Amino acid sequence: MSPSRLFRFRNITLKTRLTLAVAIFFVSSLVLLYVLASSVFESALEKLIVARQSSLIANVGNEIDQKVELRKNALIRLASDLGSDDIAHEKIQSFLERYHSLDGLFDNLAVFDLRGDLLANLDNPETRGQLNVSSRDYFQRALEKKRITISSPLKSGISGRPLVVICVPVFDPGGRMLLVLMGTIELTQDSFLADLATAKIGDQGYFYVLTTEGVFVTHPDHRRILKNSRELPDKNQIPVSAFAALEGNLTTNDDSKDEAILCYRRLKSVDWLIAGVYPTSEAFSVVTKVRREAAMLGLALLLTLLLLVWWFMYWQLAPLQKLRDKVNNADVNMLVTQANKTYPKDEIGDLAKAFDDAMIKRRDAEAALSASEKKLRLIADNMSAFIAYVDYQEKYTFVNKRIEHLFGLTAQQAIGKTIKQISTPEFYRHTKPYVAQVLNGEWTCFERRAERYGYWEWDRVTYVPDFNKSGQVDGFFVLVEDVTEFKRVQDDLMRSEKRVRTITDNVPAMIAYVDANERYQFCNRNYGLIPGLEPAHLLGKTVAEVFGEQSYLELKGNMERALHGEKVSFERYAPERDIKRFLQYEYVPDINAEGATMGYYSMVIDITARKEAELRLAASEGLLRTIADNIPAFVSLIDSENRYQFVNRPYEAWFDLPLSEIRCQPVLSLLSGAMQQEHHVHYKLAMAGEKTEFETEITVAGKTGHYHATYVPQYDGSGKVVGVNTLVNDISDAKAVERQLLALARFDTLTGLPNRNQINERMEQASARSLRTGRLMSVMFLDVDKFKSINDSLGHHAGDLVLQEFATRLKHCIRQTDLAGRLAGDEFVIVLEGLNMHNEADMVASKIVQAMTTPFDIEGKPLMVTTSIGVAISSDHNSNAGEMLKKADEALYLAKKAGRNNFKVLQLE
């Protein structure tokens with residue numbers, strides 16, 4: 001707000017301002033409440049509408065899926081009948097005409113041979129032999145995939161109406177593909193999608209269906225049907241990015257910027273998407289009405305409140321108006337001198353009395369402050385340190401005369417100026433961080449070096465923050481002391497202490513200082529450990545005098561290097577003076593400020609124990625290497641950084657690398673595949689102190705085998721884990737035996753079918769899936785009719801051949817997802833899952849009975865074998881495996897009672 005506008009606002013009376021403030025607060029609260037309520041209401045309503053529309057789309061989609069599945073199942077049954085009857089081509093037309101009952105599901109039915117020639121046409125028999133569909137993509141896909149296919153939407157060449165074609169391959173009992181059965185469905189027929197084009201959501205919403213390629217299957221605008229949505233999109237089009245999703249919803253805008261709620265769902269039976277569009281203007285019409293009524297009510301309340309607030313403020317502030325007039329018209333001097341004046345006994349009277357008392361105290365304080373400032377100025381100007389006060393704007397409000405020496409200004413010239421204005425840019429850059437620190441409330445002290453009048457001076461600067469009653473920093477006090485002389489003495493002291501600190505930092509050891517003439521100037525008491533030497537007797541003697549000419553010649557080269565300013569470190573065996581120990585030497589040159597070498601510091605450490613340990617370790621490692629390289633396992637030590645520190649010889653074959661290139665390499669850089677993850681997990685457990693074992697597959701020298709790995713923590717002397725020892729053994733042979741035993745435990749050795757253990761296990765799993773999906777399942781109990789007489793007459797070997805051939809034919813009669821197993825003797829069990837209708841189990845049982853009619857070839861002789869089958873079918877709420885097997889046994893009894901070579905069906909209650 002500009003100063004002129006703020007001034008005009010303050011010219012308004014207090015009661016008017018308070019009234020406006022209350023009104024603004026009330027309006028803001030009312031608007032906020034209105035916006036929040038509307039937002040919550042609209043959000044809840046939108047969720048409800050989207051959920052309702054999604055449910056509607058799901059119901060419509062399920063209805064379409066049921067229609068498509070009904071037509072698929074009808075064609076599958078018709079194809080099964082057509083293939084099982086082995087009908088000649090000239091009789092297919094008459095066979096097809098027996099199924100006019102399917103006219104309600106299909107607009108036409110036709111049969112084509114594998115070359116694409118028309119063999120039968122339900123509606124137009126005269127077109128036989130006149131049509132070939134071998135070039136049609138849906139016909140080609142049916143031949144290629146050998147299963148039911150549905151074409152993309154296309155235009156009928158006869159009626160010109162949109163339709164789809166369902167193709168079903170026809171197979172003979174032996175599984176050979178004979179024919180292709182086709183059923184056409186017009187998309188606009190009343191029993192399929194015609195009602196969807198006219199259906200509405202509310203008054204303005206609608207549905208449409210399109211393929212995942214973007215082709216409209218149905219739409220309220222019939223001109224769009226069979227058109228690609230990319231060329232002629234709907235105004236509320238499903239985005240291409242959503243075609244791969246199963247379902248979803250979003251808000252769309254058309255060209256007129258009208259929003260709509262779009263819900264879509266992928267159909268299960270066919271690769272189509274169904275979408276529902278509901279305009280938001282209709283969906284949220286109730287929200288608009290509620291907003292309008294709420295706005296009118298709020299405006300009425302606001303006007304009423306403004307009148308009441310203005311009247312209340314006028315009534316309450318009337319006494320204050322009188323006090324203001326009194327203060328404006330009163331003489332200030334008179335207010336100060338009237339000490340015995342009486343005041344009204346209310347808040348206004350208290351305010352008037354407080355005003356007069358404040359004026360009296362102010363007069364007294366000003367007098368006392370003036371006297372105090374004179375005394376403070378006298379003391380400060382006679383101090384050798386610089387004293388000042390700087391406010392929060394970095395302006396000096398008080399300085400003593402010392403400022404003339406620091407900055408060349410008088411006290412009068414510095415008052416009111418900032419630190420930046422009276423100092424150089426470099427000085428201000430150095431000082432600014434400390435100023436910011438003290439203004440943040442931190443007591444600050446630092447030293448600085450400055451050149452004044454041709455000399456370098458050192459200042460110790462102290463900043464002390466000045467806090468007001470509310471805890472805020474109003475400014476800070478400055479104290480600057482001259483510490484130039486102190487810094488000079490301090491530097492001299494640091495140089496004198498440098499030699500002592502260097503020596504003491506290297507204790508325990510034999511420490512000495514040798515000057516440039518190679519004479520000892522200092523040696524510590526550890527030199528007394530050398531036989532025949534006393535530290536006090538060494539001072540002033542040369543190295544050659546102390547240790548002899550032979551030892552001096554060995555040390556001379558390193559001493560010269562140290563005297564030339566080079567730090568020297570070396571090891572040697574010292575036989576002189578009966579020392580007979582391994583020693584570590586460190587020579588540190590002593591260089592003065594001019595760069596000249598004054599001598600060197602000598603530090604000698606006894607490393608005999610370490611050297612002997614290294615020799616013992618080398619011998620031990622050699623023995624360990626010999627053993628480890630000759631055992632048939634992978635042995636390694638991995639350090640705390642997950643790197644190989646030791647590996648035995650077999651690792652060369654594993655990684656196809658020499659040992660020198662494996663050691664010290666990160667383990668994860670050499671491992672690959674699943675072994676990386678398994679190693680990482682068990683390595684972390686071992687580093688945590690836990691012994692761990694696991695099995696894995698490893699490829700060694702191009703051969704993959706099973707291996708057992710053991711990870712054991714490696715501890716140091718303090719009990720800390722410093723690495724991991726690993727042992728990896730080849731267990732491939734044991735695993736092969738284990739797999740063979742597992743196969744024998746789950747499969748029948750004669751027929752190769754699952755045995756009783758696996759049958760019971762998989763029946764329980766199938767039962768659980770049936771209850772979860774709600775789809776039917778069937779259990780068949782069957783045996784070989786009069787098998788005992790076959791064994792008795794032909795022998796057990798012939799009986800075994802019959803059971804093997806019987807099992808083979810069973811496997812050809814069921815799907816790959818179904819189960820055929822042998823219980824015992826000639827008893828077999830079949831489990832069918834995912835059934836849609838009861839008669840699907842009938843078809844499989846009939847197929848099995850039919851498959852056994854072909855004579856068995858037993859050692860070159862034909863043998864007629866039949867079977868009896870008991871079929872149990874689950875109910876909607878019961879698919880218990882034990883009960884179904886029992887029910888199938890009852891049905892088998894009925895089939896045998898009925899004369900064998902047939903099947904009977906019972907359903908669970």
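Quantities reported herein were computed from a predicted structural model and do not represent experimental measurements. Starting from 1, residues in each chain are numbered consecutively following that chain's sequence as written. Local features in a predicted model are, by the rule used here, given only for residues with pLDDT of at least 70; side-chain atom pairs are given and counted only at 80 or more, and totals for whole chains, interfaces and linings are based on all residues. With hydrogens and water excluded, all non-hydrogen atoms of the structure serve as input to the side-chain values.

A. Region of interest: the pattern of salt bridges. For salt bridges, the criterion is a side-chain nitrogen of Lys or Arg within 4 Å of an Asp or Glu carboxyl oxygen. The final tally for this structure, using the stated rule, is 24 salt bridges. We note a salt bridge from lysine 432 to glutamate 394, for which the minimum N-O separation is 2.7 Å. Pair noted here: lysine 432 is in helix α14 (residues 425–439) and glutamate 394 is in the loop between β12 (386–391) and β13 (396–399), with a separation of 38 residues, a long-range link. Only protein chains enter the accessibility calculation, which uses a 1.4 Å probe; a residue is then buried when its area is under 20% of its type maximum, exposed when over 50%, and partly exposed in between. For lysine 432, a relative accessible area of 33% puts it in the partly exposed group. Put simply, glutamate 447 and arginine 460 hold a salt bridge, and the shortest N to O gap is 3.4 Å. The way it works is that DSSP assigns letters per residue, a run of H or I at least four long becomes a helix, a run of E at least two long becomes a strand, and they are numbered from the N terminus.

B. Examining the layout of surface pockets more closely. Space inside and on the surface of the protein is sampled on a 1 Å grid over the protein atoms alone, with a cavity defined as a set of points where a 1.4 Å probe fits but cannot get out and a pocket as an open set with protein on both sides within 12 Å along at least 5 of 7 lines; lining residues have an atom within 4 Å of a point. Grid points are joined across faces, edges and corners, and a volume is the space filled by probe spheres set on the points. In this structure, the largest pocket occupies an estimated 1800 Å³ of space. At the level of secondary structure, the elements contributing two or more residues to the lining of the largest pocket comprise α2 (14–84), β5 (162–171), α27 (796–812), β29 (827–835) and α28 (839–851). By residue number, the principal contributor to the lining of the largest pocket is α2, which donates 10 residues. Asp, Glu, Lys and Arg are counted as charged, while Ala, Val, Leu, Ile, Met, Phe, Trp, Tyr, Cys and Pro are counted as nonpolar; the rest, among them Gly, fall into the polar class. Considering only residue class, the lining of the largest pocket consists of 16 nonpolar, 15 polar and 15 charged.

C. How the structure looks around the environment of isoleucine 422. With respect to the helices and strands, isoleucine 422 occurs in helix α13 (residues 419–422). Note on isoleucine 422: relative accessible area 10%, which makes it buried. For isoleucine 422 and phenylalanine 407, which are 15 residues apart along the polypeptide, the C-alpha to C-alpha distance reads 7.0 Å. Those residues in contact with isoleucine 422 that sit more than four places away from it in its chain are Tyr396, Ile403, Phe407, Leu409 and Lys417. Any two residues having at least one pair of non-hydrogen atoms within 4.5 Å are treated as being in contact.

D. Quick peek at the packing of aromatic side chains. Whether two aromatic rings pair depends on their centres lying within 6.5 Å, for rings of Phe, Tyr and Trp, where Trp uses its six-membered ring; planes under 30 degrees apart make the pair stacked, over 60 edge-to-face, and the rest tilted. With the rule as written, the count across this model stands at 23 aromatic pairs. The interplanar angle of 75° and the centroid separation of 6.5 Å between the aromatic rings of phenylalanine 386 and phenylalanine 407 together place this pair among those described as edge-to-face. Of this pair, phenylalanine 386 sits in strand β12 while phenylalanine 407 sits in helix α11 (residues 403–407), placing them 21 residues apart in sequence. Between tyrosine 651 and phenylalanine 655, the aromatic rings sit 5.8 Å apart at their centres with planes inclined by 35°, giving tilted as the arrangement. Of the two residues, tyrosine 651 and phenylalanine 655 both sit in helix α20 (residues 650–655), 4 residues apart, roughly one turn of that helix.

E. Examining the packing of helix α26 (residues 787–794) against α27 more closely. Lines fitted to C-alpha atoms define the axes here, with helix axes fitted over just the stretch in contact, and angles between the N-to-C directions of these axes take values from 0 to 180 degrees. At a closest axis distance of 6 Å, the pairing of α26 and α27 adopts a crossing angle of 140°. In this view, α26 runs oblique relative to α27, as classed from their interaxial angle. Listed contacts from α27 to Phe787, Ile790, Asn791 and Leu794 of α26 are His796, Ala798, Gly799, Val802 and Leu803. Of the residues that constitute the contact of α26 with α27, the class distribution is 6 nonpolar, 3 polar and no charged. Working definition: roughly parallel below 35 degrees, roughly antiparallel above 145 degrees, roughly perpendicular at 65 to 115 degrees, and oblique for all remaining angles.

F. View of α27. In a regular helix each residue adds 1.5 Å, so 17 residues correspond to 24 Å; α27 covers 25 Å between its end C-alpha atoms and thus fits that length. By the burial criterion, the buried members of α27 are Ala798, Gly799, Val802, Leu803, Phe806, Ala807, Arg809 and Leu810. For a helix, the expected span equals 1.5 Å multiplied by the number of residues minus one.

G. Main features of the sheet that holds strand β17 (residues 510–515). Only strands joined by at least two bridges in the DSSP assignment are considered to pair. Taken in spatial order, the 5 strands line up as β18-β17-β21-β20-β19 in an open sheet, and their pairing is antiparallel. In this open sheet, the two edge strands, each paired with only one partner strand, are β18 (520–523) and β19 (568–574). Taken over all neighbouring pairs, the strand axes of this sheet differ in orientation by 25° on average, direction set aside. In the sheet, β17 pairs with β18 via 3 bridges, with the strands oriented antiparallel. Looking across to β18, one finds that valine 514 is bridged to tyrosine 520. Most of the contacts of helix α18 (residues 549–563) go to β19, to which it runs at about 170°, and overall it touches β17, β19, β20 (581–591) and β21 (597–606).

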